[in-house]
Amino acid sequence: MTSVRICLINLLGLYLTFSEDHSGFCLDAVWQPPRPSISHLQAISDKQTLLVSWLVNHSGLVGDIYEIQIGRTENCTIIYNRNVSLFSVDSGDYTWTWTSDLPLECVDHSVRIRHFFNQSVPSLWSNWRTNHGVQAKDKTKIFPYQRVLREGNRAMFCCVPPNGVHITNMTFNNNQYPLISIGARVKAIAVDNLTIPTRVIKALSLSCKDTTGKMNYVWNYVSFPPQKPRNLSCVTSHMTAVTCTWDSGRKRYPYDRNKQTNTLYIENSDQAPINCEQSSCTFPAIPLFDEYNISVVVKNQLGEETESYSFNIADRVFPVVEWDRVSPGVTNATVSWIIQGNWSQLNLLCQVNTDPGSTTELSCKGVTGFCKDSLEHLRPNTRYSTRVRCSVNGRLWGEWTQPISFTTYPLLTLDIWRRIKQLSNPNIRQVTLLWTPLVPGSAAAVNIQGYIVRWSHNGQNWTEWKDSGQTQAEVSIDPGRYDFTVQAVLHTGSTVPAHITIPQRDDGEKLPVEKRLNSSTDAGFNLSWDQQDTVTCGYTVEWCILGDAVPCSLRWMKLPEGNNTLSLHARHFKAGRRYTFNIYGCTEHGHSLLEMQTGYSQELNFVQSPTLVEPVQSTSSSVTMEWRYSEDDPAHSAFVTGYLVTVQEVGTDTLPGHHPANLFNVSVADPQRKSVTIEGLQQNQDYVFSVSALTKEGPGLPASITIRTRTDYSAHLARILTPIVLLLCCIIFLWPQGKMLKSWLREIFAYPAGMNIKTPELDSFLHEASERLQAQQVEECSCCDIEILNTRPFVNATTTLSDPEPLSTPPPPGSRSPPSTLSLARVPLQADYCPQSTTVFWDSTALQHTACVTNKTYFHTMEKDLSEAQRAMSSESNERSESLQESCSDVYGYISNDAL
């Protein structure tokens, strides 16, 4: 019957199709499928979704087709049209969902549907079913608001003004967008690719401005949908609770409004859902339940994500370990721990890790929640840390415990040394025992309660207790041999005693010669010494850590037999400080001094100045310097290798602020020599002598003194006596010619008769004339005429005045006439104003030739004055020539003051 009914319906449909009147007239009698009806329309505003429901009466063999139209605004402007095919849908209500790009509150949204019978014959449209938008009354409304928007999506925003008001401007996040008209009054904007703000509050502002001038604001939020859980895993620590963890993905901001929920479902049980944390969830284990199928659902306002996981609880055991105790020993330690839960039926394995060290693995089979292990082969007095983790059957290891530290007991030894001092009493020696605790490893200080000091001699024993803070003891002994031991006392017992032997005093022992060490390039010490066959138990090198200064903090270092070199780093020493190293050889009878070496880790040139010895011995050409200096003083910052003597001449022309020039330096290579004589100095001269000690690095501070050499009076005496002796020799030699000498001297030193020369007046006159001549300038001289007249009187003849006869070259004063001239009379003229008292001879022949020097600028000579002077001189000469038998003439000269 059903097939017959279907065939009849199909035939009826074909008939109706082919029986249409194509002339343009409608046949009201055409059959149509019944009109569908929308049973329910629901709007979900926050999701901008419409849920449309209608009754479906499926009766065909093929699927039903429905056409759906959505209209917007009161005019039902079609904005969406779609055919929906329903296959294998039972009869009943069917719900279809549509999401709007525009918020549903902005305008009306209407829906209608129709049915296609047999997928071809449409029915009439259903009535419009409308979801009305919001109507603004007195204030413009903005949509959406206070809504979480999806990051990266496109969103539309609208402004709904009251009646009579229009929107003029819309801004989103302070940016203005072009307006889109939705209906008559509603305006909207579209924003692409929403982004999350960088500020703390992840909100974006939306504003609308209308024709009333008012500005309205709303806020919306931007977030991202939930992330799918990753790496979901579940474990149990003691079989009573299960903890599941996962990677929640992208981290959410603290003030994100998109609240997220995490829910765990046990799918194969009737347990209620469990609310979880963001990335973990703990729920009680179901008794006698091994297999678990779980799902984790993460949901927020923008979506939902789900992840599933299945496991057997026996394979997910994750033991949790708690420390019980650690008991250290000297070379081992015992550790124990507790595991929560009941593990009697399980094979429990644990790993113990020791740092420094290795990891060991042990089984706790048969032990309920308690395990213990012994750590072997540890170093004494060393700090260790250990941790533990456990597993069931080695499939899944639990977390490591927090490391716990412990220190093994020390295997303490003492490094012992001694210092022996002979007192004034030859039978008493003072021994100072010194010791240092040696603790191997890198642990902190050892808790030492005290020390026991014992010594013995010839069967007698003595004991002394020292507190833990003391590391030396002083004991007075006789010259014999003594054995000393020092033992440290700890809270765990006593250590192995340290032993040292004080040998018997040897009165014939000689101290070795001290050797000097050269400063090394690395400012440390490199010691070496000769091997000794008698040494059986090594060597000991001792030194003072503060040099030879008092007090001396003694340090020592022991070396095994066969090792005769030692390098000490510079960080243990100070530059410019002298250190003395005593090298001892160890034998069964004690330690004996083998070598003494002294030196500096780094020599400095800063040494003190010497002390000069005064008074200083000096002569006119040499000075002997003496000084005092302790060249072996250990307080020096370097070895003194000699002295440097610097000689500087103090000149009268030395500029202020300038040092006198060095004449020469004298080096004294022997530091024991403390005097030097400087030769080759000038007499009566000031010299600065400086003396400084020389080191490898150069001269130190100088000591200076200024010394004046003496005057050499013997040289002055020789200069005075030499002419006197020569004069006496001449007198003795010429004494037989006394008469002739007397006559000759008379002729030289006697004044001519009638000449009256006032020497003081002539000196004053000549000085005044010279001063005036020097005050004149050369260019003021207008002319200078030189006339030379020679006067040569004839012997035994009357002197006459003749015309002057010019000569090309005037004869020098005191010169003799050539042999061709007549013999002249010598008239001496003594010029007392000359410092050398030079005697000038003028050769005259009755003024026959007269030399006249005239400067018309400075002198003037009247012709009549010259004639009168010539006449006067001529008459005077004639009168005297008659009375004299020898050829002698007087010459008078006048220089007028008026001429100057």
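(A) Quick look at the overall build of the protein chain. Across its full length, the protein chain holds five helices and 58 strands. For the protein chain, the residues scored as buried account for 38% of the 900 residues in total. Long-range pairs, those at least 24 residues apart, make up 64% of the contacts in the protein chain with a sequence separation of at least 6.

(B) Looking closely at the state of the cysteines. In this structure the tally under the stated criterion is six disulfides. Each disulfide pairs two cysteine sulfurs, and for C159 the partner residue is C208, the sulfurs being separated by 1.3 Å. With a gap of 49 residues between them, C159 in strand β11 (residues 155-160) and C208 in strand β16 (residues 203-210) connect regions that are remote in the sequence. Since its relative accessible area comes to 1%, C208 is described here as buried. One disulfide bridge connects C537 with C586, the sulfur atoms lying 1.8 Å from each other. One disulfide, between C537 and C586, carries an S-S torsion of -90° and so falls in the left-handed class. Of this pair, C537 sits in the loop between β41 (525-528) and β42 (539-544) while C586 is found in strand β45 (residues 578-587), placing the two residues 49 residues apart along the sequence. C537 sits in the partly exposed class, given a relative accessible area of 40%. Unpaired in this structure, C730 has its nearest cysteine sulfur neighbour in C729, at a distance of 6.9 Å. Judged by relative accessible area, C730 falls into the partly exposed class, the value being 43%.

(C) Looking closely at the pairing of strand β27 (residues 348-355). Judged by how many residues are buried, β27 sits mostly within the fold: seven of eight residues are covered. Across five bridges, the pairing between β27 and strand β28 (residues 359-363) is antiparallel. When the sheet's bridge partners are listed, Q351 is paired in β28 with E361. Turn length for the β27-β28 hairpin, with the two strands adjacent in sequence and antiparallel, is three residues, and the turn residue G357 shows positive phi of about 155°.

(D) The arrangement of the sheet that holds strand β22 (residues 280-284) in detail. One open sheet accounts for three strands, arranged β18-β19-β22; its pairing is antiparallel. The strands lining the two open edges of the sheet, one partner per strand, are β18 (230-236) and β22. Averaged over all pairs of adjacent strands, the angle between strand axes in this sheet comes to 15°, irrespective of strand direction. Pairing geometry for strand β19 (residues 241-247) and β22, over five bridges, is antiparallel. The partner of V242 across the bridge, within β22, is F283.

(E) Region of the structure containing the pairing of β16. Burial within β16 is extensive, with seven of its eight residues counted as buried. Direction of pairing for strand β12 (residues 167-172) relative to β16: antiparallel, over a ladder of five bridges. Each residue of the ladder has a partner; that of I167, found in β16, is D210. Where β16 and strand β17 (residues 215-223) come together, seven bridges link them in antiparallel fashion.

(F) Up close: the sheet that holds strand β25 (residues 321-328). Spatially, three strands are ordered β25-β26-β29 in an open sheet, and the strand pairing comes out antiparallel. Each edge of the open sheet carries a strand with a single partner, namely β25 and β29 (370-375). Strand-to-strand twist in this sheet, taken as the mean axis angle between neighbours without regard to direction, amounts to 20°. Looking at chain direction, β25 and strand β26 (residues 333-339) are connected through seven bridges and run antiparallel. The partner of S327 across the bridge, within β26, is T334.

(G) Structural context of the confidence of the model for the protein chain. Mean pLDDT for the protein chain: 78, with 74% of residues reaching 70 or above. A low-confidence stretch, residues 13-29 stays under pLDDT 50, and its non-local contacts, those more than four residues away or across chains, total three contacts. Counted against residues more than four places away or in other chains, residues 788-900, with its pLDDT under 50, gives 171 contacts.

(H) Spatial organisation of the packing of aromatic side chains. The final tally for this structure, using the stated rule, is 30 aromatic pairs. With a centroid separation of 5.9 Å and 20° between ring planes, the pair formed by W455 and F484 is classed as stacked. With W455 in strand β34 (residues 448-457) and F484 in strand β37 (residues 482-490), this residue pair connects regions lying 29 residues apart in the sequence. Classification of W455 as buried rests on a relative accessible area of 11%. Exposure remark for F484: the relative accessible area of 0% places this residue in the buried category. The positively charged end of K202 is found above the aromatic ring belonging to Y253, 4.3 Å away from the centroid. The aromatic ring of Y584 is capped on one face by R418, whose charged end is 5.0 Å from the ring centroid.

(I) Representation of the pattern of salt bridges within the structure. A full pass over the atoms with the stated rule returns 16 salt bridges. The salt bridge partner of D256 is R252, with a shortest N-O separation of 3.2 Å. You'll find D256 and R252 in the same group, each marked buried. In this structure, K515 and E595 form a salt bridge, with 3.6 Å as the shortest nitrogen-oxygen distance. Separated by 80 residues along the polypeptide, K515 in strand β40 (residues 514-516) and E595 in strand β46 (residues 590-600) bring together distant segments of the chain. Residue classification places K515 among the partly exposed positions, given a relative accessible area of 40%.

Calculation criteria
- Residues numbered from 1 in each chain as written.
- Predicted model: local features only at pLDDT ≥ 70, side-chain atom pairs only at ≥ 80, totals over all residues.
- Heavy atoms only, no water.
- Helix = DSSP H or I, 4+ residues; strand = E, 2+ residues; numbered from the N terminus.
- Buried < 20%, exposed > 50% of the residue type's maximum accessible area, 1.4 Å probe, protein only.
- Contact = heavy atoms within 4.5 Å.
- Disulfide = S-S within 2.5 Å.
- Pairing = 2+ DSSP bridges.
- Axes fitted to C-alpha atoms, helices over the stretch in contact; angles between N-to-C directions.
- pLDDT = per-residue confidence, 0-100.
- Phe/Tyr/Trp six-rings, centres within 6.5 Å; stacked < 30°, edge-to-face > 60°.
- Lys NZ or Arg CZ within 6 Å of the ring centre and 35° of its normal.
- Salt bridge = Lys/Arg side-chain N within 4 Å of Asp/Glu carboxyl O.

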